[in-house]
Amino acid sequence: MYKKTPLLICTAPQNSGELDFDTYPDQATVLVEGQQLEASMLASDNIGGEILKGAKKRRYCFIRSS
């Protein structure tokens, strides 16, 4: 049986390429034991957006079980 436990995921995107890129892990969806869970944009760190060439971010994404 599925136990209601929140997830805290550490994301650390790094741009080692030649171009800037966008990423939005704070809008993630995960599947746990058949249950689809959405990231909480309010409870997560502000990690979404543009990652400039040569930059890296390290933030946390909170996924709440329903």
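Scroll up a little and you will see the structure.
Here's what I pulled together on the structure shown here. Computed from a predicted model, the values in this text were never measured in an experiment.

**A few points about the state of the cysteines**
Then, number 1: For the coordinates displayed, the defined rule picks out zero disulfides.
Then, number 2: Of the cysteine sulfurs around C10, a residue in no disulfide, the closest is that of C61, at 10 Å.

**Regarding the environment of N15**
Then, number 1: By secondary structure assignment, the location of N15 is in the loop between β1 (7–11) and β2 (21–23).
Then, number 2: Between the alpha carbons of N15 and K56 there is a distance of 6.1 Å; along the sequence they are 41 residues apart.
Then, number 3: Not counting chain neighbours up to four residues away, the residues in contact with N15 comprise D20, F21, I51, L52, K53, G54 and A55.
Then, number 4: Within the structure, N15 has its side chain in polar contact with the backbone nitrogen of G17 (distance 3.0 Å).
Then, number 5: Of note is the side chain of N15, whose polar atom sits 2.7 Å from the backbone oxygen of L19.

The rules behind the values
- Residues numbered from 1 in each chain as written.
- Predicted model: local features only at pLDDT ≥ 70, side-chain atom pairs only at ≥ 80, totals over all residues.
- Heavy atoms only, no water.
- Disulfide = S-S within 2.5 Å.
- Helix = DSSP H or I, 4+ residues; strand = E, 2+ residues; numbered from the N terminus.
- Contact = heavy atoms within 4.5 Å.
- Polar contact = N/O pair within 3.5 Å; in protein donor to acceptor, adjacent residues only side chain to side chain.

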